[in-house]
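Here is how the chains run, residue by residue.
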Amino acid sequence: MNPALDVIINQILRQPAIVMGFVILIGNVALKNSVRDTLVATIKAMVGMLILAVGSSTLVGASRPLMQSIFDRFGVTGVIIDPWTMVGEIEGGILPSEVMGLIGVAMTLGLLLCVVLARITPIKTIYLTGHKAYADTVTMLFLVWFSTGTTGAPLLIVTVGFLLVYWWLATWMFRPISRTVVGDAPITVGHNLLFGTFLATLLARLFKPDPKKNPSCEELKLPGFLSVFSDAVIGYSIIMGLMFFAIAVIVGPTYMGALSGAQNFLLFGFMQGLQVAVGMTILLMGVRMFLAELMPAFKGIADKIVPGATAAIDTPAFWSYAPTATLVGFLSTSVGMFIGTGLLIAFNSPVVAFPSIIPMFFGGSTMGVFCNAKGGWKGTVFGCFILGLILPLVSAYFASWVGTSVGIQGHTDWGALWSPIFRVLRFITGGA
């Protein structure tokens, strides 16, 4: 591949800040804003995305070692439900080199065709979550290759076709659910948890919202001391601090000491929990910054380039609409995931799928926002808990037939939607 093209496809397009900055630049040019205003908006959006990345990295970095310490302590092995762990495993030797070379081309074609189709059809979604696009492309390319055995142009064409269904069509179909949260704002979810969130909202609808019996999470009147949880920062700090303190107690000084060094292992656990809360706070700050620039800029794109366009963007952008529901969704999903993993262990599953912070936090928080809009706080607890319970089960099934031994994709869509589809495709094409 040409070196310049390689930099564009495999480096620039994998940088969310650059992708978002480019979108803001185009939007401001379309609006004929001044050079100064265009420059300010572009840089603020890029900085907002970088702040979001710092918050996400802080959150994951603080939690991942402690989660792993539980598995080490009890000598349990299995796959981690984590998208980037699976991506790393696929790239680390599962895919042959000739297939690996198609990753960047497939992602670029998919994103460009999203724009073309949005321009010429009534379906107006433009996918903007660049880093998730990369993870989707790697996983989808692997599944098409694994299921059909095809290579070269046929593999590329089929993979791009599936990506377009996911990025362009499915994100548009999710818009009615998005509108229950964002109103007329031209945004929808651009992430690989659309199907899982849809299922969670169906479950949430079993509980009819009621101002007195089943209010929104944002309207809950918590009595006495519990009222502190109405503040998202305080709520996350207390809950994550206590949760990670409890993990330290369970794991004990021997295993936790390997992480804490000279610091008391219990204090270390508590402080790591607070670090997760710090990551959440930073992340939301970045979201507010880039959304403030995206909304007016995307209007320019919608008015001048792709009339009526809707931006499919990353999930943290939706958390600020319902911060308490975000917390409730995270907690309910986490409880469900731990119980689901416990069931796999109790029934001697040949593959055990373990929770990680990405599906617990990013998946659970997002489902919480939309479940809350459909079913109040009761629907949020129920919908997120059930999807959390299901995730380890379908992830273990997914890992068992594709043969990954380290990680498996981190959201319900892959285990509950794409895995059965590709299992059928493999059967039809003569695979196992």
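See above for the structure.
Residues numbered from 1 in each chain as written. Predicted model: local features only at pLDDT ≥ 70, side-chain atom pairs only at ≥ 80, totals over all residues. Heavy atoms only, no water.

Trainee: Sorry if this is basic, but what is going on with empty space enclosed by the protein here?
Mentor: Empty pockets left among the atoms are what a rolling probe the size of a water molecule brings to light. For the coordinates displayed, the defined rule picks out two cavities of 30 Å³ or more. Considered as a void within the structure, the largest cavity measures approximately 70 Å³ in volume. Taken together, Leu193, Gly196, Thr333, Pro359, Gly363, Gly364, Met367, Leu387, Gly388, Leu391, His411 and Thr412 make up the lining of the largest cavity. In terms of residues, the lining of the largest cavity owes the most to one element, helix α16 (residues 357-402), which gives seven residues. Looking at the second largest cavity, its volume works out to about 50 Å³. If you go around the second largest cavity, the residues you meet are Pro16, Met20, Met49, Leu128, Thr129, Gly130, His131, Phe290, Ile313 and Asp314. Secondary structure elements with two or more residues in the lining of the second largest cavity: α2 (16-30) and α7 (130-148). The class makeup of the residues in the lining of the second largest cavity is six nonpolar, three polar and one charged. (1 Å grid on protein atoms, 1.4 Å probe; cavity = no way out; pocket = protein on both sides within 12 Å on 5 of 7 lines; lining within 4 Å. Points joined across faces, edges and corners; volume = space filled by probe spheres on them. Helix = DSSP H or I, 4+ residues; strand = E, 2+ residues; numbered from the N terminus. Nonpolar A, V, L, I, M, F, W, Y, C, P; charged D, E, K, R; others polar.)

Trainee: Explain the sheet that holds strand β3 (residues 187-189) here, please?
Mentor: One key point about sheets: their strands pair by backbone hydrogen bonds, in either a parallel or an antiparallel sense. An order of β2-β4-β3 is seen for the three strands of this open sheet, with the pairing classed as parallel. Looking at the sheet topology across the chains shown, the edges are occupied by β2 (125-127) and β3. Geometrically, the sheet is characterised by an average inter-axis angle of 35° between neighbouring strands, direction not taken into account. Sheet topology places β2 next to strand β4 (residues 310-313); three bridges connect them, and they run parallel. The residue of β4 that forms the bridge with Tyr127 is Ala312. (Pairing = 2+ DSSP bridges. Axes fitted to C-alpha atoms, helices over the stretch in contact; angles between N-to-C directions.)

Trainee: Looking at this structure, I do not really get the layout of surface pockets. What am I missing?
Mentor: Volume-wise, the largest pocket comes out at about 560 Å³. In this structure, the largest pocket is lined by 24 residues; those nearest its centre are Val19, Phe22, Val23, Ile26 and Val115. When contributions to the lining of the largest pocket are tallied by element, the ones reaching two or more residues are α2, α3 (35-74), α6 (103-120), β2 and α13 (265-304). The element contributing the most residues to the lining of the largest pocket is α2, with seven residues. When grouped by side-chain class, the residues that make up the lining of the largest pocket number 20 nonpolar, four polar and no charged. Quantified by volume, the second largest pocket comes out at close to 410 Å³. In this structure, the second largest pocket is lined by 19 residues; those nearest its centre are Ala53, Ser56, Trp84, His131 and Asp314. Only α2, α3, α7 and α16 provide two or more residues apiece to the lining of the second largest pocket.

Trainee: Would you mind showing me how to read the side chain of Thr333 here?
Mentor: The residue Thr333 is located in helix α15 (residues 323-346) in this model. Here Thr333 falls in the buried class, since its relative accessible area comes to 1%. The residues touching Thr333, leaving out its near neighbours within four places in the chain, are Pro359, Met360, Gly364, Met367, Cys384, Phe385 and Gly388. (Buried < 20%, exposed > 50% of the residue type's maximum accessible area, 1.4 Å probe, protein only. Contact = heavy atoms within 4.5 Å.)

Trainee: I keep staring at a nonpolar patch on the surface and nothing clicks. Help me out?
Mentor: There is a patch of nonpolar side chains on the surface, built from Phe245, Val249, Leu267, Phe270 and Met271 and spanning about 400 Å² of accessible area. Elements with a contribution of two residues or more to the nonpolar patch: α11 (232-251) and α13. Within the secondary structure, Phe270 sits in helix α13. Looking at Phe270, the relative accessible area reads 30%, which means it is partly exposed. (Patch = residues over 30% accessible without salt bridge, like charges linked within 9 Å, V, L, I, M, F, W, Y side chains within 5 Å. Areas by Shrake-Rupley, 256 points an atom, 1.4 Å probe, with all protein chains shown as cover. Salt bridge = Lys/Arg side-chain N within 4 Å of Asp/Glu carboxyl O.)

Trainee: How do you make sense of the pairing of β4 when you look at a structure like this?
Mentor: Consecutive side chains of a regular strand alternate in pointing toward one face of the sheet and then the other. Because side chains alternate across β4, one face comprises the buried residues Thr310 and Ala312, and the other comprises Ala311 and Ile313, equally buried. Examined bridge by bridge, β3 and β4 share three bridges and lie parallel to one another. Paired with Ile187 across the two strands is Ala311, which belongs to β4.

Trainee: Could you clarify how one ought to interpret the pattern of salt bridges in this entry?
Mentor: If the charged atoms of two oppositely charged side chains come close together, the side chains can form a pair. Per the counting criterion, the structure on display carries two salt bridges. One salt bridge connects Arg36 with Asp37, and the closest N-O pair in it is separated by 2.9 Å. Classification of Arg36 by relative accessible area gives exposed; the value is 59%. The residue Glu293 makes a salt bridge to Lys44 at a minimum N-O spacing of 3.6 Å. Taken as a pair, Glu293 in helix α13 and Lys44 in helix α3 lie far apart in primary sequence, 249 residues in all. What makes Lys44 partly exposed here is its relative accessible area of 38%.

Trainee: What's the story with the sheet that holds strand β6 (residues 407-408) in this structure? I'm lost.
Mentor: Within the open sheet, the three strands sit side by side as β5-β1-β6. Their pairing is parallel. Two strands lie at the open edges of the sheet, namely β5 (353-354) and β6, each paired on one side alone. In this sheet, β6 lies alongside strand β1 (residues 79-81) in parallel orientation, the contact comprising two bridges. Bridge assignment links Ile80 to a residue of β6, and that residue is Gly407.

Trainee: What am I meant to see in the nonpolar core here?
Mentor: Formed by 124 residues in total, the largest nonpolar core has its most connected members in Trp167, Phe290, Leu294, Phe298, Ile313 and Phe361. In this view, Phe361 contacts Leu59, Tyr236, Met280, Trp319 and Phe330; residues no more than four positions away in its chain are not counted. Within the second largest apolar cluster, six residues are counted, among which are Ala204, Met367, Cys371 and Leu387. (Core = buried A, V, L, I, M, F, W, Y, C linked by side-chain atoms within 4.5 Å.)

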